Amino acid sequence: MSKNQKISIRSVLVFALFLALTVSCVDRLDFLGETKEGQLVIYGLFTDVDERQVVNVSRTALSGLAPRGVPNAKVTVLSTSGARLPYTSLKTGEYELVGFRAIEGLSYALEVVLDGKVYLSKYEKVPVLDAEDKLSFTFDNELFRTDKPEYVFKLFSETKLPDTRDPIYLRWTIEETYLWPLAWLRGTGIPPPQPPPCFISDVIEPNRINLFDGSGTSTRNSTLLLGRRSVDNSFQYPFFVTVKQLSITREAYEYWEKIKIVISNQGSLFDIPPAPVSGNIFNVNDSEETILGYFEVAKTKTTRIYTTNADVPFYLLDPCQFLPSTPDDSYPAECRSCAARAQGRSWTIKAPVWWKYD
Amino acid sequence: MNQYLQTISNATGPTPIDLWQLSTNYILPQRSHNASLGYFRNFKEDEWSTSFEGFYRSTDNQIEYRNFADLFLNPHLETELIQGEGLAFGTELMIQKNSGGITGWLAYTFSRSLIRTTSEFPEIQVNQGNWFATNFDKPHNISLVTNFRVKKGRTFNTNVNFSSGRPVTGLLSNYVIGAVSVPNFGNRNEFRIPNYFRIDFSYLTNGFVRKWDDKINFSIYNLTGRRNAYSVFFQREGRVPRLVPYQISILGSAFPSFTYTVKF
């Protein structure tokens, strides 16, 4: 081998080694996630029911899951009748209006004044039509959260639309409330007084958006699956499901349809390309500013159904059952405290007014 | 120049798809105006070749899909599309060595490919009707190919490729509406996937049998084992599910191969 050939081979090897050592693997895509914080998010629902009307004002945060509440805004709902109804700040970014409800036939808009800027929503008219919901449930053994089949509580609604050709757009929200009795602890007296039970509430499948477009269809009856939930010891005692049917405007329906698309994408071939979802709220002085969220008005109808452990197709063990031989501190925390059981969900020891069952 | 067949690229899934769409009553044929200019020159009795080229193309009726378009197996695809104007321009510089112990070339391309939708309905405009990068927009592209001839019939070859990552729609933040955790996506093609970089290496030598015309080739594809992103997609993760970006890498490690060739 000549001297020149040796130099060539050495040059090649050094070149290859240099390239191999200087380039590293790339495996993360953090730059594609959560790159912008501080965008204003306003969401409000104004219903025709005498209930607490709520508006949430927040800003997106890089941590994503917990947007920062904005407590210092001035929130007012405006009506085409000329009324201005101011909300009260609860200092968490939540604003409430008590004692007022939407009136059929009127239109409403939301005004939010924040840091000298005025944000206004488009006027939305309270829909006139609603539908009849007849609820039912099943307990099925099927795949749900894991690769193994499990018992799943499934809630259905047989929905009957009104006999009119006028368009109707529906959305449902589903909330569960179950009773959870705490353990009788000896240290609390002789004999130990019965502690008040907890009533724990949570949204069933929060990322499930139930929508129905009743326009342009001759079908008047539809059976819809509204929600699923795995069966656990929450079903030991009466378990109520509250279904709120919201009759909404076409614009609100289209907004929720887009939200449904962006949250449904699973990274599959059938995914719809993602896009920003624009709502109906804008900055009066700066049309370029993007405001996330929506202000919607709805005609509301509430339906409830309950189940007990007699409906559950397998035996449920009560972890809080009083046993004389069990020391107080041997009961799990969920048997001694409502907050421990609720784990961040809302709870109360006061039974809801509708808490009635046979 | 008119073109009656166009592609619609959805590059947001793990397996990007291209749909081919013929011009119809509703989808006008794409029309473009092209211009290019180049300068070529050889040196040292053609041992070295150099070239410098530039191009410019403007396009009318270029198609894009609308926001929230359902493209897959849709028999009425035209309802999901919007037309606009396109713009592509760039320059390419190339130096090539044609003879001697070391041959090969080095090429660098700077190019842009942009589009903006034009519609009388502002609500269906993509990115508010502003110019944005198409899926094919990769501004920088460098290619280096070298052949080291050690001896007659024995060569070392290297191939180095770099290109800018292609545009992709990314996530700005997550927010909550009611009880729903909603991903907040940015404008279309606002972000880019990581840059592409790959080095290949091969050694070619004569075979074992002198009488035959046989060759042995040992090569390593992606010598550095870099996990170049083939596609980017989003999946839900966590107890309160939120979208997280992922990338798929094809041959994301060094890939050796051995080839023995005999010519009869």
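What you see as residue numbers is a count from 1 along each chain, following the sequence as written. Each chain takes a letter, starting from A, and each ligand takes a number, starting from 1, following the order in which they are written. Only residues with pLDDT of at least 70 are given local features in this predicted model, and only at 80 or more are side-chain atom pairs given and counted; all residues enter the totals for whole chains, interfaces and linings. Side-chain metrics rest on all non-hydrogen atoms present in the structure, leaving aside hydrogens and water.

**Points about the overall build of chain A**
What counts, and what does not: A run of H or I in DSSP counts as a helix once it spans at least four residues, and a run of E counts as a strand once it spans at least two, with each numbered from the N terminus. Residue contacts are counted whenever heavy atoms from the two residues lie within 4.5 Å of one another. Note on areas: these come from Shrake-Rupley sampling with a 1.4 Å probe, and a residue is covered only by the protein chains present in the view.
Helix and strand counts for chain A stand at 3 helices and 20 strands. Expressed as a percentage of contacts within chain A between residues at least 6 apart in sequence, the contacts between residues at least 24 apart total 69%. Total accessible area computed for chain A in this model is approximately 18,300 Å², and 54% of it derives from carbon and sulfur atoms.

**A word on the overall build of chain B**
Put simply, the rule is: All radius of gyration figures rest on C-alpha atoms, and the globule criterion is 2.2 Å times the number of residues raised to 0.38. Note on classification: 1.4 Å probe, protein chains only; a residue is buried when its accessible area is under 20% of the maximum for its type, exposed when over 50%, partly exposed between these limits.
For chain B, the helix and strand inventory stands at 0 helices and 19 strands. The globule rule puts the C-alpha radius of gyration for 264 residues at 18 Å, and the 24 Å found for chain B is more than 25% above it. With the C-alpha coordinates aligned to their principal axes, the bounding extent of chain B is approximately 75 × 50 × 35 Å. Residues counted as buried form 46% of the 264 residues belonging to chain B. Partitioning the intrachain contacts of chain B with sequence separation of at least 6 by distance along the chain shows that 58% fall at a separation of at least 24. Counting every atom, chain B has about 14,200 Å² of accessible surface; 56% of that belongs to carbon and sulfur.

**With respect to the nonpolar core**
For the record, the criterion: Definition used in this section: a nonpolar core is a set of buried Ala, Val, Leu, Ile, Met, Phe, Trp, Tyr and Cys residues joined via side-chain atoms within 4.5 Å.
Of all hydrophobic cores here, the largest spans 35 residues; its most connected members are L155 and V241 of chain A. Listed by contribution, the elements that provide at least two residues to this core are β11 (132-143), β12 (149-160), β13 (169-180), β14 (198-203), β16 (221-230), β17 (239-248) and α3 (338-342) of chain A. Looking at which element gives the most residues to this core, the answer is β13 of chain A, with 5 residues. Setting aside anything within four residues of it in sequence, one finds V241 of chain A in contact with F153, L155, I174, E175, E176, I204, T303, R304 and I305 of chain A. I261, V262 and I272 of chain A together with F68 of chain B belong to the second largest nonpolar core, which has 31 residues in total.

**Section: the sheet that holds β11 of chain A**
Residue and element names in this part refer to chain A. We count it as follows: Note on pairing: DSSP must find at least two bridges between two strands before they are called paired. Note on geometry: axes are C-alpha line fits, over the in-contact stretch for helices, and angles between N-to-C directions span 0 to 180 degrees.
Ordered in space as β11-β12-β16, the 3 strands form an open sheet in which the pairing is antiparallel. Taken across any chain shown, the strands that pair with only one partner, and hence form the sheet edges, are β11 and β16. Strand-to-strand, the axes of this sheet are offset by a mean angle of 25 degrees, without reference to chain direction. Alignment of β12 against β16, held across 9 bridges, turns out to be antiparallel. Looking at the pairing, K154 lines up with R228 of β16.

**A short note on the state of the cysteines**
All names here are of chain A. What counts is decided by this rule: The criterion for a disulfide is a pair of cysteine sulfur atoms lying within 2.5 Å.
A full pass over the atoms with the stated rule returns 2 disulfides over all chains. In this model C198 forms its disulfide with C338; the gap between the sulfur atoms is 2.0 Å. Here the S-S torsion is close to -85 degrees, and the disulfide linking C198 with C338 is therefore left-handed. In this pair, C198 sits in strand β14 while C338 sits in helix α3, placing the two residues 140 residues apart along the sequence. Residue classification places C338 among the buried positions, given a relative accessible area of 6%. Through a disulfide, C320 is tied to C335; the S-S separation comes to 2.0 Å.

**What to know about the pattern of salt bridges**
Residue and element names in this part refer to chain A. Our working rule: Between Lys or Arg on one side and Asp or Glu on the other, a salt bridge is scored when a side-chain nitrogen of the former is within 4 Å of a carboxyl oxygen of the latter.
Applying the stated criterion across every chain yields a total of 25 salt bridges over all chains. A salt bridge links R52 to E96; its shortest N-O distance comes to 2.9 Å. Placement of R52 in the loop between β1 (40-47) and β2 (53-59) and of E96 in strand β7 (residues 94-97) is noted, with a sequence separation of 44 residues between them. Residue R52 is classed as partly exposed on the basis of its relative accessible area, which comes to 42%. A single network of salt bridges, built from pairs that share partners, joins D140, E142, K154 and R228.

**Observations regarding the side chain of Q245 of chain A**
Residues and elements named next belong to chain A. Going by this rule: Pairs of N or O atoms within 3.5 Å make up the polar contacts considered here, provided that, within protein, one atom can donate a hydrogen while the other can accept it, and that residues adjacent in sequence are counted only when both atoms are side-chain atoms.
Residue placement: Q245 occurs in strand β17. What makes Q245 buried here is its relative accessible area of 0%. In terms of polar contacts, Q245 uses its side chain to reach the side chain of D133, at 3.1 Å. When neighbours within four sequence positions are excluded, Q245 is seen to be in contact with D130, A131, E132, D133, L170, R171, W172, K299, T300 and K301.

**Here's the deal with the packing of aromatic side chains**
Each aromatic ring pair is characterised by the separation of its centres together with the angle its planes make. All names here are of chain A. The cut-off we apply is this: Working definition: a ring pair exists when centres of Phe, Tyr or Trp rings (six-membered ring for Trp) sit within 6.5 Å. Plane angles under 30 degrees give stacked, over 60 give edge-to-face, the rest tilted. Both a distance and an angle decide whether a charge sits over a ring: NZ of Lys or CZ of Arg must be within 6 Å of the ring centre and within 35 degrees of the ring normal.
For the coordinates displayed, the defined rule picks out 25 aromatic pairs over all chains. A connected cluster of aromatic rings, assembled from ring pairs, spans F137, F139, F153, Y178, F235 and F239. Lying across the ring of W256, R171 places its NZ or CZ 4.0 Å from the centre. Here the guanidinium or amino end of R341 rests over the ring plane of W180, the centre of that ring lying 3.7 Å away.

**With respect to the environment of F197 of chain B**
All names here are of chain B. Residue position: F197 is located in strand β15 (residues 196-206). Take F197: its relative accessible area is 15%, and that puts it in the buried class. C-alpha of F197 to C-alpha of D137: the two residues are 60 residues apart in sequence and 16 Å apart in space.

**Examining the pairing of β7 of chain A**
A regular strand carries its side chains on alternate faces of the sheet. All names here are of chain A. Relative to β7, β2 is paired through 4 bridges, and the arrangement is antiparallel. Opposite V54, over in β7, you have E96 as the bridge partner. Counted along the chain from strand β6 (residues 88-89) to the antiparallel partner β7, the turn is 4 residues long, and its residue K91 has a positive phi close to 70 degrees.

**Regarding the layout of surface pockets**
Which entries qualify depends on this criterion: A cavity here means a set of 1 Å grid points, computed over protein atoms only, where a 1.4 Å probe fits but cannot escape. A pocket is an open set with protein on both sides within 12 Å along at least 5 of 7 lines, and lining residues have an atom within 4 Å of a point. Grid points are joined across faces, edges and corners, and a volume is the space filled by probe spheres set on the points. All amino acids are sorted into three groups, where Ala, Val, Leu, Ile, Met, Phe, Trp, Tyr, Cys and Pro are nonpolar, Asp, Glu, Lys and Arg are charged, and the leftover types, Gly among them, are polar.
In this model, the second largest pocket occupies a volume close to 1,800 Å³. Lining the second largest pocket we find 47 residues, and of these K258, V277, S278 and G279 of chain A together with E123 of chain B sit closest to its centre. Counting only elements with at least two residues in the lining of the second largest pocket, the list comes to β10 (124-125), α2 (250-264) and β18 (281-283) of chain A together with β13 (180-185) of chain B. Among the residues forming the lining of the second largest pocket, the class breakdown is 16 nonpolar, 15 polar and 16 charged.

**Some points on a nonpolar patch on the surface**
Definition in use: Patch members must show over 30% relative accessible area and no salt bridge, and they are joined within 9 Å when carrying like charges or within 5 Å when they are nonpolar side chains of Val, Leu, Ile, Met, Phe, Trp or Tyr.
Together, F208, V209, W212, F218, F258 and Y260 of chain B make up an exposed nonpolar region whose accessible area comes to about 650 Å². The class of F208 of chain B is exposed, set by a relative accessible area of 65%.

**Quick look at α2 of chain A**
This is how it is decided: What a helix is expected to span follows from its residue count: subtract one and scale by 1.5 Å.
Between its first and last C-alpha atoms α2 of chain A spans 21 Å; for 15 residues at 1.5 Å apiece the expected length is 21 Å, and the two agree. Turning to α2 of chain A, its buried residues are A252, Y253, Y255, W256, I259, I261, V262 and I263 of chain A.

**Brief notes about the confidence of the model for chain B**
In plain terms, the rule: Scored from 0 to 100, pLDDT reflects the predictor's confidence in each residue.
Predicted confidence across chain B gives a mean pLDDT of 88, with 96% of residues reaching 70 or more. Across the interfaces of the predicted complex, the ipTM metric reaches 0.81, alongside a pTM of 0.84.

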